[in-house]
Amino acid sequence: MKKRSVYIAYTGGTIGMKKTKHGFAPEAGYLTRELKQLADLNRAEMPDYLIHEYDNLIDSSNITPNEWFNIADDIRKNYDKFDGFVILHGTDTMAYTASALSFMLEDLDKPVIVTGSQIPFGELRSDGRDNLITSVILAANYAIPEVCLFFHDRLYRGNRAQKIDANNFHAFGSPNYPALAKIGTTIDVNEQLMIKANTKPFKVQKITPPPIAVVSIFPGMSAQMLKNLLIEPIQGLILQTYGMGNAPSNDTDFLQVLEQASARDVIIVNISQCYRGSVDMHGYATGNRLNQCGVISGFDMTTEAALTKLYYLFSLGLSVQDIKQKMQTNLRGELTNPEIEVK
Ligand code: ASP
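Residues numbered from 1 in each chain as written. Predicted model: local features only at pLDDT ≥ 70, side-chain atom pairs only at ≥ 80, totals over all residues. Heavy atoms only, no water.

**Q** What exactly am I supposed to notice about the overall build of the protein chain here?
**A** Looking only at helices and strands, the protein chain has 10 helices and 18 strands in total. The C-alpha radius of gyration of the protein chain comes to 21 Å, within 12% of the 20 Å expected for a compact globule of 343 residues. Counting only C-alpha atoms, the protein chain reaches 65 × 50 × 35 Å along its principal axes. With 343 residues in all, the protein chain has 53% of them scored as buried. Within the protein chain, residue pairs in contact and separated by at least 24 positions form 72% of the contacts whose partners lie at least 6 positions apart. As presented, the protein chain carries roughly 15500 Å² of accessible surface, and 50% of it is formed by carbon and sulfur atoms. One way to put it: in the protein chain the 33 positive side-chain charges average out to a point 3 Å from where the 37 negative ones average out. (Helix = DSSP H or I, 4+ residues; strand = E, 2+ residues; numbered from the N terminus. Rg over C-alpha atoms; globule rule 2.2 N^0.38 Å. Buried < 20%, exposed > 50% of the residue type's maximum accessible area, 1.4 Å probe, protein only. Contact = heavy atoms within 4.5 Å. Areas by Shrake-Rupley, 256 points an atom, 1.4 Å probe, with all protein chains shown as cover. Lys, Arg positive; Asp, Glu negative; His and termini not counted. Charge placed at Lys NZ, Arg CZ, Asp CG, Glu CD.)

Structural data, given as structure tokens:
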């Protein structure tokens, strides 16, 4: 039987960084050299692998949709040659990249696992070794037809994950969806939670970001500030609101700004500021007012998923009506819409 094979792409991030006099920064060739010497990666029971280190290694704080396309296109070029893909990436924007890829990689039927580390690979007590080895094992041997994020001891759906800790090894969480796999002395993959495998041909959709903003409401926020933001050419707004999707209902200026923007076809998506839970604009009168202003529900999506999904839908060239409808529909397991799913 042919040995399984995994494509490992190093895009940058702490895992392959070295100390410089300005702090940690990626160094070309360094991670590849380290990985070649890693005994566990080269054991007989491990899959074949190929490491591709990108020319322009970045701290992931510098990521843009152009880098997302480079990663997606790299996967596309190697799609038929490998059983799975591991993307080594910085943790700061890892959840954005995993979310973006989940939409850009259409009809995926192989595992794409994004991972990295909190301590560089070459440093004492690095978490990079375990994160990489486990990701490679998962990518090679399990039927996971989706973009995932692996960190510490959990495999998460990529568009459900969020960075929750700047310092600790348990740096990611998935507030509204269970982990797809739990890693201890055994590897427990829960196939019931996975997206169903695809039969259509795999393809990549490029994202061209339209002018979109993300705003978190706060007590004392002025309607004028929001108005300044919602001027042309803005096309979308992710509005992070209180609790179940509530905002001040007694500030008529604030509501009018939203209503007028929505009437101009700016798509305004309601996302909760809470770590866990879902927007329900029928729960409180305050939330209902937003609904009346034309704001649509983002349900239980993370901000990362909502933003990248909106980018993706605009990039498909859909009408405003279609984008609104698809924003509220589950495309890649990124949201639970009880109004649809209860039926
Ligand atoms: N600043 C780094 C990055 O996101 C942090 C990390 O990799 O953990 O690239």
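**Q** Is there a simple way to explain unusual backbone geometry in this structure?
**A** Here Glu 232 and Pro 233 are connected by a cis peptide whose omega angle stands at 10 degrees. Within the secondary structure, Pro 233 sits in the loop between helix H5 (223–229) and strand S16 (236–241). Here Arg 125, not a glycine, exhibits a phi torsion of approximately 65 degrees, which is positive. Its place among the elements puts Arg 125 in the loop between strand S7 (112–115) and helix H4 (128–141). Residue classification places Arg 125 among the exposed positions, given a relative accessible area of 61%. With phi around 50 degrees, Phe 299 is a residue other than glycine that occupies positive phi space. Within the element layout of this structure, Phe 299 appears in the loop between strand S18 (296–297) and helix H8 (303–315).

**Q** Sorry if this is basic, but what is going on with the side chain of His 89 here?
**A** Residue position: His 89 is located in the loop between strand S5 (84–88) and helix H3 (94–104). Classification of His 89 as buried rests on a relative accessible area of 1%. Within the local environment of His 89, its side chain forms a polar contact with the side chain of Thr 97, the two groups lying 2.8 Å apart. The contacts of His 89, once residues within four sequence positions are left out, are Thr 11, Gly 12, Gly 13, Ser 60, Ile 63, Ile 71, Met 94, Thr 97, Val 114, Thr 115 and Gly 116. (Polar contact = N/O pair within 3.5 Å; in protein donor to acceptor, adjacent residues only side chain to side chain.)

**Q** What's the story with the environment of Leu 180 in this structure? I'm lost.
**A** Relative to the elements of secondary structure, Leu 180 occurs in the loop between strand S11 (172–173) and strand S12 (181–183). Residue Leu 180 is classed as buried on the basis of its relative accessible area, which comes to 0%. Each C-alpha atom of the pair Leu 180 and Arg 157 lies 6.7 Å from the other, and the pair is 23 residues apart in sequence. With residues near it in sequence (within four places) discarded, Leu 180 still touches Glu 146, Cys 148, Leu 155, Tyr 156, Arg 157, Asp 188, Val 189, Asn 190, Leu 193 and Met 194.

**Q** Before we go on, may I ask you to explain the site of the ligand in this structure?
**A** Close contacts around the ligand come from Gly 13, Thr 14, Asp 59, Ser 60, Gly 90, Thr 91, Asp 92 and Ser 117, and that covers them all. Measuring from a nitrogen atom of the ligand, one finds a side-chain N or O atom of Asp 92 at 2.8 Å. Within the backbone of Ser 117, one N or O atom sits 3.3 Å away from an oxygen atom of the ligand. Protein chains shield 90% of the accessible area of the ligand, which is 260 Å² for the free molecule. (Near = heavy atom within 4 Å.)

**Q** Which parts of the structure should I look at to understand the pairing of strand S9 (residues 154–157)?
**A** Side-chain positions along a regular strand alternate between the two faces of the sheet. In this sheet, S9 lies alongside strand S8 (residues 147–151) in antiparallel orientation, the contact comprising four bridges. In the sheet register, Leu 149 faces S9, and the bridge partner there is Tyr 156. Connecting the antiparallel pair S8 and S9 is a turn made up of two residues, with His 152 showing a positive phi of about 65 degrees. Relative to S12, S9 runs antiparallel, the two sharing two bridges. By the bridge assignment, Arg 154 is partnered in S12 with Lys 182. (Pairing = 2+ DSSP bridges.)

**Q** Got a minute to help me understand the packing of helix H2 (residues 65–78) against H3 in this structure?
**A** Between two packed helices, the angle of one axis relative to the other and the distance separating the axes together describe the packing. One can describe the packing of H2 onto H3 by two numbers: an axis separation of 10 Å at closest approach and a directional angle of 55 degrees. The angle between the axes of H2 and H3 places the two elements in the oblique class. The hand of the H2/H3 crossing is right-handed. From H2, Trp 68, Phe 69, Ile 71 and Ala 72 reach across to H3, where they touch Tyr 96, Thr 97, Ala 100, Leu 101 and Met 104. Class assignment for the residues of the contact of H2 with H3 results in eight nonpolar, one polar and no charged. (Axes fitted to C-alpha atoms, helices over the stretch in contact; angles between N-to-C directions. Parallel < 35°, antiparallel > 145°, perpendicular 65-115°, else oblique. Left-handed = near helix turned anticlockwise from the far one by under 90°. Nonpolar A, V, L, I, M, F, W, Y, C, P; charged D, E, K, R; others polar.)

**Q** Would you mind showing me how to read the pattern of salt bridges here?
**A** A side chain with one charge can pair with a side chain of the opposite charge if their charged atoms come near. This structure, assessed with the given rule, holds 18 salt bridges. Asp 300 is the partner of Arg 160 in a salt bridge, and the nearest nitrogen-oxygen pair spans 3.1 Å. Placement of Arg 160 in the loop between S9 and strand S10 (162–163) and of Asp 300 in the loop between S18 and H8 is noted, with a sequence separation of 140 residues between them. Salt-bridge contacts for Lys 309 lead to Glu 334; the nearest nitrogen and oxygen are separated by 2.6 Å. Taken together, the residues span a long stretch of sequence, with Lys 309 in helix H8 and Glu 334 in the loop between helix H9 (320–327) and helix H10 (338–341) at a distance of 25 residues. For Lys 309, a relative accessible area of 0% puts it in the buried group. Sharing partners across several salt bridges, the network here consists of Asp 40, Arg 43, Glu 45, Arg 129 and Asp 130. (Salt bridge = Lys/Arg side-chain N within 4 Å of Asp/Glu carboxyl O.)

Remember, this is a structural readout, not a statement about activity or role.
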